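Overview (structure and organization)
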Amino acid sequence: MTTTLQEAEMTALLSARELDYAGLHARIDGDVVVPGDENWDEARQAWNLAADQRPAAVAIPESADDVKAIVDFARESGLRIAPQGTGHNSLPLRDLEGTILVKTHRMRAVSIDAERERAWVQAGVLWMEVTAAAAEHGLGALAGSSPDVGVVGYSLGGGISWLARKHGLAANNVTAVELVTADGNLVRADAEHNADLFWALRGGGGSFGVVTALEFRLFPLTEVYGGVLFFPVERASVVLQSWREWVETVPEEVTSVGRILNFPPIPDIPEPLRGGSFVVVEAVSLLTVAATDELLEPLRALGPAMDTFGPIPMDKLHHLHMDPEHPVPGTGDGMMLSELTPEAVDAFVAVTGPGTGTLLLSTEIRHAGGALARRDPGNGALASIDARFVVFAVGMAMTPEMKAAVEARVDEVKEALAPWDSGSDYLNFSERPRDGRRFYRAETYHRLRAIKTKHDPGHLFRSSHPIPPATKRPAPARLRRIGRPAPRAAARV
Ligand SMILES: Cc1cc2nc3c(=O)[nH]c(=O)nc-3n(C[C@H](O)[C@H](O)[C@H](O)COP(=O)(O)OP(=O)(O)OC[C@H]3O[C@@H](n4cnc5c(N)ncnc54)[C@H](O)[C@@H]3O)c2cc1C
């Protein structure tokens, strides 16, 4: 393989000669790959093939001890660390200069404690591995819509599953986190130990250490009733207006999505979907089949072209949303809506519906509320989703030109829905860099920064959506002289 090195990588290559990467490699069971190595391009690749990651080095640990050695090496060498499970959320990382990308994909142990209804997984485990292992014990997990999303990144950022309106965010069902902190110690964070870290990690993302393992709740559930109602895209307006009215009638046992799908004409997509455009309603219900069928009546009365509702085993649920099940080049972004009015649906259809020639593969509106909106006292930093609907728009990005064109279409969707913007964003659906204040309530963001300052004052860890340490600068002298209190963030440090 020929490797073309960019300027930053040349710098990294030169500094690699000074830094003892070979010594680090010799100390760990895993691998260390630096620019110029034969497998450099493979090592720096993310799940999202549109991400061009150019870190100083890639470290691939096989154990928590490996992670400790990598963290010590980075800290002592003046480098940063970007932990990565799969690279589903790799686009917001952008510039990785002076950073070791720590890819956890070799840490794949899964253990199910059927009696306690708990899963324990290592950092590199994918959701489909958990759902398969849990199903053997008659248990279900709060997995997302895609089988190969990483459990750790998804859970640290929130985690909206098909059972979200009943059981809340995956983050708030995490019961313990094992991580290597900036001082190189392997610690456990749970309700009794390192409670501040435990709180921050549940929704605060990857800013506080390299997570080596997670423990979380499972649920006694072998199957759900769910499916997709497909309609021709020409019916987008009537179907989505009906879905908008319908979600007001469903209990929190039902989680659903209203969506416009434009399938590419590629062999991966089965007939009769290949190359077609549809408006769909996807739903998963924890109610009985009879109760769900009764609820579905008004939607079925619209006469779907295809109705796939039926019982779905918990370890097959990740096929329902038809997400890609292997790395692809894509670009997208999300937003959240405080309400979905008839005008909001009109605005959505006007930019994504029939006749718009949209480049977007999927534009979806997920119904939130229920347990997602409840701030239980034991919850973590992302205690609730403070919006009634969560939007995500995405398209393929095979080339930089295609990426730019899709991004422009994503912007159009966000602009059209701006009047209903909830004022906050969902970290996991944010594929562009954001001001971190968009993810949290003000008091939560201040507390996250204080915890970051306490545990990682030198900002060793770079998350896809970083929480920066709080500045330790005293309040400006002028303010203090006239006796005003210091700003809140500074006061908390
Ligand atoms: C096709 C697709 C479907 C999706 N479906 C859903 C869905 O249904 N519900 C939902 O909520 N989200 C969904 N997402 C979003 C997904 O949850 C986020 O992209 C999430 O960040 C992915 O985690 P990852 O570990 O796979 O990705 P990565 O890009 O590897 O990780 C994302 C971030 O998590 C942190 N992180 C990862 N591993 C570690 C670690 N060991 N230690 C510390 N920090 C770490 C880092 O900050 C990293 O930058 C989907 C995304 C895609 C592309």
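Our structure is the block above this text.
Reference entry: report on the structure contained in this document. The structure presented is a predicted model; accordingly, all values stated were derived computationally and were not measured. (Residues numbered from 1 in each chain as written. Predicted model: local features only at pLDDT ≥ 70, side-chain atom pairs only at ≥ 80, totals over all residues. Heavy atoms only, no water.)

**Notes on the pairing of strand 8 (residues 174-180)**
Our working definition: Between buried and exposed lies partly exposed: a residue is buried under 20% and exposed over 50% of the maximum accessible area for its type, with that area taken using a 1.4 Å probe on protein chains only. Counting from the N terminus, the helices are DSSP H or I runs at least four residues long and the strands are E runs at least two residues long. By this definition, two strands are paired if DSSP reports at least two bridges between them.
Extensive coverage of strand 8 is indicated by the burial of six of its seven residues. Where strand 8 and strand 10 (residues 210-217) come together, six bridges link them in antiparallel fashion. Considered in strand 10, the bridge of glutamate 178 is made with alanine 213. Sheet analysis places strand 8 next to strand 9 (residues 186-190), joined by five bridges and oriented antiparallel. The partner of valine 180 across the bridge, within strand 9, is leucine 186. Here strand 8 hands over to strand 9 after five residues, with glycine 184 in that stretch at a positive phi of 85°.

**A closer look at the sheet that holds strand 6 (residues 118-122)**
We count it as follows: Between N-to-C directions, angles cover 0 to 180 degrees, with each direction set by a line fitted to C-alpha atoms, over the stretch in contact for helices. In this analysis, two residues are considered to be in contact whenever any of their non-hydrogen atoms come within 4.5 Å of each other.
Here we have five strands laid out as an open sheet, ordered 5-6-10-8-9, and antiparallel in their pairing. Two strands bound the open sheet, and with one partner strand each, they are strand 5 (110-113) and strand 9. In this sheet, adjacent strand axes meet at a mean angle of 15° when their direction is disregarded. As paired elements, strand 6 and strand 10 share five bridges and run antiparallel to each other. Bridge assignment links tryptophan 120 to a residue of strand 10, and that residue is glutamate 215. The strands touched by helix 8 (residues 195-204) are strand 8, strand 9 and strand 10; relative to strand 8, the strand with the most contacts, the crossing angle is about 105°.

**Here we look at the side chain of arginine 366**
One can find arginine 366 in strand 18 (residues 362-367). For arginine 366, a relative accessible area of 10% puts it in the buried group. Residue contacts for arginine 366: discarding those within four places in its chain leaves Ser145, Ile160, Ser256, Val257, His321, Arg388, Phe389, Val390 and Phe429.

**Regarding the environment of phenylalanine 429**
Relative to the helices and strands, phenylalanine 429 resides in the loop between helix 12 (400-417) and helix 13 (442-455). Sequence-wise, phenylalanine 429 and glycine 158 are 271 residues apart; in three dimensions their C-alpha atoms are separated by 9.9 Å. Leaving out residues up to four positions away in the same chain, phenylalanine 429 has contacts with Asp333, Gly334, Arg366, Val390, Val391 and Phe392.

**Details of unusual backbone geometry**
A cis amide bond, omega 5°, links glutamate 271 with the succeeding residue proline 272. Its place among the elements puts proline 272 in the loop between strand 13 (254-262) and strand 14 (277-285). Even without being a glycine, asparagine 194 presents a positive backbone phi close to 45°. With respect to the helices, strands and loops of the structure, asparagine 194 is situated in the loop between strand 9 and helix 8. Using a relative accessible area of 32% as the deciding quantity, one classes asparagine 194 as partly exposed. One non-glycine residue, histidine 459, adopts positive backbone phi at about 55°. Along the chain, histidine 459 falls in the loop between helix 13 and helix 14 (477-481). A residue is classified by how much of its surface remains accessible, and histidine 459, at 15% relative accessible area, is buried.

**As for the site of the ligand**
How we decide: If even one non-hydrogen atom of a residue comes within 4 Å of a molecule or strand, that residue is called near it. Nitrogen and oxygen atoms within 3.5 Å of one another constitute a polar contact, given that in protein one can donate a hydrogen and the other can accept it, and given that sequence-neighbouring residues count only through two side-chain atoms. Each accessible area is a Shrake-Rupley estimate made with a 1.4 Å probe; only the visible protein chains count as cover when residues are assessed.
Around the ligand, a shell composed of 33 residues is seen, among which Gly85, Thr86, Ser145, Gly150 and Tyr426 lie nearest. Interatomic distance of 3.2 Å between a backbone N/O atom of histidine 88 and an oxygen atom of the ligand. Contact distances for the ligand include 3.4 Å between an oxygen atom and a backbone N or O atom of glycine 153. Within the complex, 96% of the 950 Å² of free accessible area of the ligand lies under protein. Looking at the shell around the ligand element by element, the count peaks at four residues for helix 6 (residues 151-157).

**Structural notes on the sheet that holds strand 2 (residues 57-60)**
The strand order across the open sheet formed by four strands is 1-2-4-3, and the pairing between neighbours is mixed. In this open sheet, the two edge strands, each paired with only one partner strand, are strand 1 (31-33) and strand 3 (80-84). In this sheet, adjacent strand axes meet at a mean angle of 20° when their direction is disregarded. Note that strand 2 and strand 4 (residues 99-103) share three bridges and pair parallel. In the sheet register, alanine 57 faces strand 4, and the bridge partner there is isoleucine 100.

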